[in-house]
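# Structural overview for review
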Amino acid sequence: MSITSQLQKIKASLPAQVTLVAVSKMHPAPVIREAYAAGQRVFGESRPQELAQKAAELPADIQWHFIGHLQTNKVKQVVSIAQLIHSVDSERLLLEIAKEAAKKQCTARCLLQIHIAQEETKFGFSPDELRQLLASPVLKENPQVTIAGLMGMATFTDNQEQIHQEFHTLKQLFDEVKARFFPSLPTFCELSMGMSGDYQIAIAEGSTMVRIGTDIFGVR
Ligand SMILES: *Cc1c(COP(=O)(O)O)cnc(C)c1O
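Cut-offs and rules
Residues numbered from 1 in each chain as written. Predicted model: local features only at pLDDT ≥ 70, side-chain atom pairs only at ≥ 80, totals over all residues. Heavy atoms only, no water. 1 Å grid on protein atoms, 1.4 Å probe; cavity = no way out; pocket = protein on both sides within 12 Å on 5 of 7 lines; lining within 4 Å. Points joined across faces, edges and corners; volume = space filled by probe spheres on them. Nonpolar A, V, L, I, M, F, W, Y, C, P; charged D, E, K, R; others polar. Helix = DSSP H or I, 4+ residues; strand = E, 2+ residues; numbered from the N terminus. Phe/Tyr/Trp six-rings, centres within 6.5 Å; stacked < 30°, edge-to-face > 60°. Buried < 20%, exposed > 50% of the residue type's maximum accessible area, 1.4 Å probe, protein only. Salt bridge = Lys/Arg side-chain N within 4 Å of Asp/Glu carboxyl O. Disulfide = S-S within 2.5 Å. Pairing = 2+ DSSP bridges. Core = buried A, V, L, I, M, F, W, Y, C linked by side-chain atoms within 4.5 Å. Contact = heavy atoms within 4.5 Å. Expected span 1.5 Å × (residues − 1). Arc of directions from axis to C-beta. Polar contact = N/O pair within 3.5 Å; in protein donor to acceptor, adjacent residues only side chain to side chain. Near = heavy atom within 4 Å. Sits in = over half its atoms within 2 Å of the grid points.

It is worth spelling out the layout of surface pockets at this point. Of the volumes computed, that of the largest pocket is approximately 610 Å³. In this structure, the largest pocket is lined by 26 residues; those nearest its centre are K25, K122, M153, M195 and R211. Partitioning the lining of the largest pocket into residue classes produces 9 nonpolar, 11 polar and 6 charged. Volume-wise, the second largest pocket comes out at about 350 Å³. Contributing to the lining of the second largest pocket are 13 residues, with L139, K140, F181, F182 and L185 lying nearest its centre. In terms of residue count, strand β6 (residues 145–152) provides more of the lining of the second largest pocket than any other element does, 3 residues in total.

Now the structure itself:
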């Protein structure tokens, strides 16, 4: 199937309030143009260099999201381009993003990445680390960063029940910290969970943003 028909199929299956981030990493610009021509405007990239190159040559009204692990020495490149950074996984990274946003006199919208999978390799805060961070003065002291919500990745498994549980845990954590730390802040509103293999489960568990690559563009 073509990219256009894949996009249309996925779009039709998403509830209206769920944002589709088309994950275009490792796909060249012409492929992204095809999705753009089909109406897609939000794209996700996971490498700073690749993001910068694509943003320079593709239409200016594309909303770029950064979804990959971000090293502090690459923050500069990403802050000026990304409208949302999904993958803030340490206080150190958050502080670096704040510093860079202050220099550029902009605010950086970020999601805090939470470790929910039973895999060593996935980055992110544990639920307790998240609570500690939010209870600390760090966010107040760094108003250049807007925390727009949470992001998480489920374990790569065929066990549907386990995926349900992991996303459910993340949604509960989202509701808990929203009530406790962002009670009257409409800016804390996004729960980024769900990829090609598990986005339907993520939506059933309350996702507001799905990051889909393979199901749109084919295998990388
Ligand atoms: C690559 C990637 C995706 C997309 O994965 P697919 O399985 O191709 O849909 C989503 N989220 C993150 C963080 C990724 O790195």
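With that settled, consider the packing of aromatic side chains. Within the structure shown, the criterion is met by 3 aromatic pairs. Each ring, one from F43 and one from W64, has its centre 6.0 Å from the other, and the planes form 45°; the classification is tilted. Of this pair, F43 sits in strand β2 (residues 42–45) while W64 sits in strand β3 (residues 63–66), placing them 21 residues apart in sequence. For W64, a relative accessible area of 3% puts it in the buried group. When the centroid spacing of 5.0 Å and the interplanar angle of 20° are considered together, the rings of F174 and F188 count as stacked.

Inspection of every chain in the model, using the stated rule, returns 10 salt bridges. The partner of K54 in a salt bridge is E45, with the nearest N and O atoms 2.8 Å apart. Each member of the pair, K54 as well as E45, is classed as buried. Here the residues in one salt-bridge network are D128, R131, E176 and R180, joined through shared partners.

To continue, consider the state of the cysteines. Throughout the structure, instances matching the rule amount to 0 disulfides. We note that C106 lacks a disulfide partner, and the nearest cysteine sulfur, in C110, lies 10.0 Å from it. The partly exposed category is assigned to C106, whose relative accessible area is 27%.

With that settled, the discussion passes to the pairing of strand β4 (residues 84–88). With 5 of its 5 residues buried, β4 lies for the most part within the structure. In terms of strand pairing, β3 meets β4 through 2 bridges, oriented parallel. From the neighbouring strand, F66 faces β4, where its bridge partner is I85. Bridge analysis of β4 against strand β5 (residues 108–114) gives 2 bridges, and the strand direction is parallel.

Across soluble globular proteins, you tend to see nonpolar side chains buried next to one another. Membership of the largest hydrophobic core comes to 62 residues, with the highest contact counts inside it found for I85, I97, L112 and L150. Among the elements that make up this core, the one with the highest residue count is helix α8 (residues 160–181) (6 residues). Setting aside chain neighbours within four positions, we find I97 in contact with L70, V75, V79, I85, V88, A108, C110 and V145.

The subject of this paragraph is α8. When the terminal C-alpha atoms of α8 are compared, their 31 Å separation across 22 residues agrees well with the 32 Å that a helix rising 1.5 Å per residue should span. Looking only at α8, the buried set comprises Q162, I163, E166, F167, L170, L173, F174 and V177. An end-on view of α8 places all buried positions within 130° of arc, on one side of the element. The N-cap of α8, judged by a side-chain oxygen 3.1 Å from the amide nitrogen of E161 a few residues on, is N159.

Here we take up the site of the ligand. In the vicinity of the ligand, the contacting residues are V23, K25, I67, M153, M195, S196, R211, I212, G213, T214 and R220. Between T214 and the ligand, the recorded distance is 2.6 Å, taken from a side-chain N or O atom to an oxygen atom. Among the cavities detected, the one that contains the ligand is the largest pocket. Residues that form the shell around the ligand fall into these classes: 5 nonpolar, 3 polar and 3 charged.

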